[in-house]
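One letter stands for each residue in the lines below.
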Amino acid sequence: MILTLDLGTTSNRCLAISSTGQCAASAQQEFKQYFPNPAWVEHDPTEIWTSTLTVLKTVIDQIDIQNVSAIAITNQRETVVAWDKHTGKALHNAIVWQCRRTAERMQDFSKSDQTLIKNKTGLPTDAYFSASKMEWLYNNVDAVKEAALTHSLCFGTIDSWVLFQLTQKKCFTSDPSNASRTLLYNIHSLDYDPDLLTLFNIQREWLPSIKESNACFGYSDPSITTKPIPIHAILGDQQASLFAQCGNDTHTIKNTYGTGLFICASTGKKVIDSPSLVSTIGWHINNKTTYAVEGSIFVGGAAIQWLRDGLELITDASESNDLAQSVKDTHDVYVVPALTGLGAPHWDSSARGLIVGITRGTTKAHIVRATLESLAYQTKDVIETITPFLPGIRCLKVDGGATNNDFLMQFQADITGLTVNKAETSETTAYGVAGLAGISCNIFTEKEFRHMLSTKTCYNPTFKKDKIDVLYTRWKKAVQKSSQWIS
Ligand code: ADP
């Protein structure tokens, strides 16, 4: 069995995945989201670790630990934790990938700096990535500055934070899929880049060492797992899901409908150069890098959470399906959920959300339906940008919480004209990294692993091109209206 830790944005999970792909036991725990200012998002690193421990121990209690050969870790990316190397204590709350506190700072960079950053990292100069969050912590938190002075500062993403704790402070390491999201890692030379470190005033000694994504990263402390277990794969969550859904196949595309939307495709050895897309490392295994192209959208399922918690239009996310289907269309209402700005392919941090096209006849069902549709339109925006680089894509493979919404999945197929395939398992992220660990430890072959991930539901497109054109033109008009809202 492989004990798989899936460390998400809103919850941590642990799954025990058997050599035949069965989930023998699982546990999940949500953790608190902190919003100290509008558009700021934080997590408590200690709570992230204690909830990881809780789900890990809950699963261990249900299985025979002697059957476990490896631990695999997949995680929310970009989120930064600062901690002390000696005490292992966090020095501040984690700054989450969604947090926009450094948006203004990122506008300070000259055009030539932005080009340098894009050429070296494949990423746009955006607050979404880790570097400016680290810089903010250094500039604003005394404890972080003091730790830097005494050479005990560790800056890491969630994988390295949890690995550090799981190995009782022995391993301060990350993998290239996570490192490639920091804005400090050169995706061509596969190392932190001195020019980038200088731009953000980050010292190399504060950062984790990098090992291949399927390396043995170290051993779990026996006080936690009763025996030392090798930690044998680390992948950022989107790369893990990409590994499960597409592997090295460059003719499929995947979208994960979680808090955000993450559309990715493998590009093999090719690094795609597009101003509105992100090129990133999919995985680096056995001395070979597989690159990926990605369009990240900040607000996906989070828009449904906002309908529930902010507007109180629904009491549960699943209600949105029936409400959307209770009306035959949105009555021309469009929702652009740019609640924290717009990500790919627009990269407009000054955009803000809007609801447009409201009339006296508009009901909450129309608004709920338009919000669900906005997830599909945002996905289409990214797919339209990717397809010129990867022609011949016919299939969209989907996973994540919001794929439970049949209305959304059918509308996604209709508006993109692609077949949408939902996997049998809803846990493709966990399966992806477990697959990598399992293949690396010879628990199963890649072919056997691909066999474990059969399609459960297939949604075929039904809209004619004319209809798509009318709807999509309106959507683009709505996006334009939401752009550049705040100065
Ligand atoms: P994450 O890993 O980012 O925490 P998940 O994959 O667990 O996200 O998905 C949770 C998200 O999916 C939430 O934002 C929630 O609003 C959304 N969601 C869950 N079920 C549904 C549903 N039936 N319809 C629409 N959205 C849903």
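Draft legend 1. Seen up close, empty space enclosed by the protein. In total, this model carries three cavities of 30 Å³ or more according to the counting rule given. For the largest cavity, the calculated volume is near 60 Å³. Contributing elements (two or more residues each) for the lining of the largest cavity: strand S8 (153–156) and helix H7 (176–179). Looking at the lining of the largest cavity, its residues break down into seven nonpolar, five polar and no charged.

Draft legend 2. Layout of the nonpolar core. With 103 residues, the main nonpolar core has Leu 137, Leu 153, Phe 155, Leu 184, Phe 200, Ile 202 and Tyr 257 as its most contacted residues. By residue number, the principal contributor to this core is helix H13 (residues 364–386), which donates 11 residues. Excluding residues within four positions of it along the chain, Leu 137 makes contact with Val 80, Ala 82, His 92, Asn 93, Ile 95, Val 144 and Phe 155. Listed in part, the 39 residues of the second largest apolar core include Val 68, Leu 163, Leu 166 and Ile 224.

Draft legend 3. Seen up close, the site of the ligand. Contacts to the ligand come from 16 residues, most closely from Thr 10, Thr 259, Gly 301, Gly 401 and Asn 405. One nitrogen or oxygen atom from the side chain of Thr 10 is found 2.5 Å from an oxygen atom belonging to the ligand. Residue Arg 13 places a side-chain N or O atom 3.0 Å away from an oxygen atom belonging to the ligand. Coverage of the ligand by the protein amounts to 82% of the 580 Å² it exposes when considered alone. Sorting elements by how many residues they give to the shell around the ligand places helix H11 (residues 301–309) first, with four residues. Looking at the shell around the ligand residue by residue, the classes come out as four nonpolar, 11 polar and one charged.

Draft legend 4. Local environment of helix H5 (residues 142–149). Of the residues making up H5, those classed as buried are Val 144, Ala 147 and Ala 148. Buried residues in H5, looked at end-on, bunch into an arc of 105°, giving them a common side. Away from its buried face, by an angle of more than 90 degrees, H5 presents the exposed residues Asp 142 and Leu 149. On its buried face, H5 is in contact with strand S6 (81–84), helix H4 (131–140) and S8.

Draft legend 5. Structural view of the sheet that holds strand S21 (residues 419–423). Ordered in space as S16-S17-S15-S14-S20-S21-S22, the seven strands form an open sheet in which the pairing is mixed. The sheet is open, and its two borders are formed by strand S16 (278–285) and strand S22 (455–459), each paired with just one other strand. Averaged over all pairs of adjacent strands, the angle between their axes in this sheet comes to 30°, without regard to strand direction. Relative to strand S20 (residues 395–399), strand S14 (residues 252–257) runs parallel, the two sharing five bridges. Its bridge partner being in S20, Ile 253 is matched across the sheet by Leu 396.

Draft legend 6. Structural detail: the pairing of strand S17 (residues 288–297). Within S17, nine of the 10 residues are buried, leaving the element largely enclosed by the surrounding structure. Pairing of strand S15 (residues 261–268) with S17, which is carried by seven bridges, proceeds in the antiparallel orientation. What sits directly across from Ser 266, in S17, is Ala 292. Inspection of the sheet shows S16 paired to S17 by seven bridges, in the antiparallel sense. Along S17, the bridge assignment pairs His 284 with Thr 289. Taken together, S16 and the strand that follows it, S17, pair antiparallel across an intervening segment of two residues, in which Asn 286 is found at a positive phi of about 50°.

Draft legend 7. Spatial organisation of the pattern of salt bridges. Across all of its chains, the model carries 21 salt bridges by this definition. Across the pair Arg 101 and Glu 42 runs a salt bridge whose closest N-O atoms are separated by 2.8 Å. One end of the pair, Arg 101, is in the loop between strand S7 (94–95) and helix H2 (103–106); the other, Glu 42, is in strand S4 (residues 42–43), and 59 residues separate them in sequence. One exposure class covers both Arg 101 and Glu 42, and it is buried.

Draft legend 8. Region of interest: the packing of aromatic side chains. Considering all chains together, one arrives at 24 aromatic pairs under this definition. Look at Trp 97 and Tyr 128: their rings are 6.1 Å apart centre to centre, the planes differ by 65°, and that puts the pair in the edge-to-face class. Of this pair, Trp 97 sits in the loop between S7 and H2 while Tyr 128 sits in the loop between helix H3 (111–121) and H4, and the two are 31 residues apart along the sequence. Comparing Trp 97 with Tyr 128, the two get one shared label, buried.

Draft legend 9. How the structure looks around the environment of Ser 374. Take Ser 374: it is sitting in helix H13. Separated by 40 residues in sequence, Ser 374 and Tyr 334 place their C-alpha atoms 7.4 Å apart. In this structure, Ser 374 is in contact with Val 335, Pro 337 and Trp 475, ignoring residues within four places of it in sequence.

Draft legend 10. Structural view of the sheet that holds strand S2 (residues 11–17). Strand order in the open sheet made by the five strands is S3-S2-S1-S5-S13, with mixed pairing throughout. Only two strands of the sheet have a single partner each, and these edge strands are strand S3 (23–30) and strand S13 (231–236). If you compare each strand with its neighbour and ignore which way they point, the axes differ by 15° on average. Strands strand S1 (2–7), strand S5 (70–75) and S13 of the sheet are contacted by helix H6 (residues 158–166), whose axis makes an angle of about 145° with S5.

Analysis parameters
- Residues numbered from 1 in each chain as written.
- Predicted model: local features only at pLDDT ≥ 70, side-chain atom pairs only at ≥ 80, totals over all residues.
- Heavy atoms only, no water.
- 1 Å grid on protein atoms, 1.4 Å probe; cavity = no way out; pocket = protein on both sides within 12 Å on 5 of 7 lines; lining within 4 Å.
- Points joined across faces, edges and corners; volume = space filled by probe spheres on them.
- Helix = DSSP H or I, 4+ residues; strand = E, 2+ residues; numbered from the N terminus.
- Nonpolar A, V, L, I, M, F, W, Y, C, P; charged D, E, K, R; others polar.
- Core = buried A, V, L, I, M, F, W, Y, C linked by side-chain atoms within 4.5 Å.
- Buried < 20%, exposed > 50% of the residue type's maximum accessible area, 1.4 Å probe, protein only.
- Contact = heavy atoms within 4.5 Å.
- Near = heavy atom within 4 Å.
- Polar contact = N/O pair within 3.5 Å; in protein donor to acceptor, adjacent residues only side chain to side chain.
- Areas by Shrake-Rupley, 256 points an atom, 1.4 Å probe, with all protein chains shown as cover.
- Arc of directions from axis to C-beta.
- Pairing = 2+ DSSP bridges.
- Axes fitted to C-alpha atoms, helices over the stretch in contact; angles between N-to-C directions.
- Salt bridge = Lys/Arg side-chain N within 4 Å of Asp/Glu carboxyl O.
- Phe/Tyr/Trp six-rings, centres within 6.5 Å; stacked < 30°, edge-to-face > 60°.

Everything listed is a geometric property; what it means functionally is a separate question.
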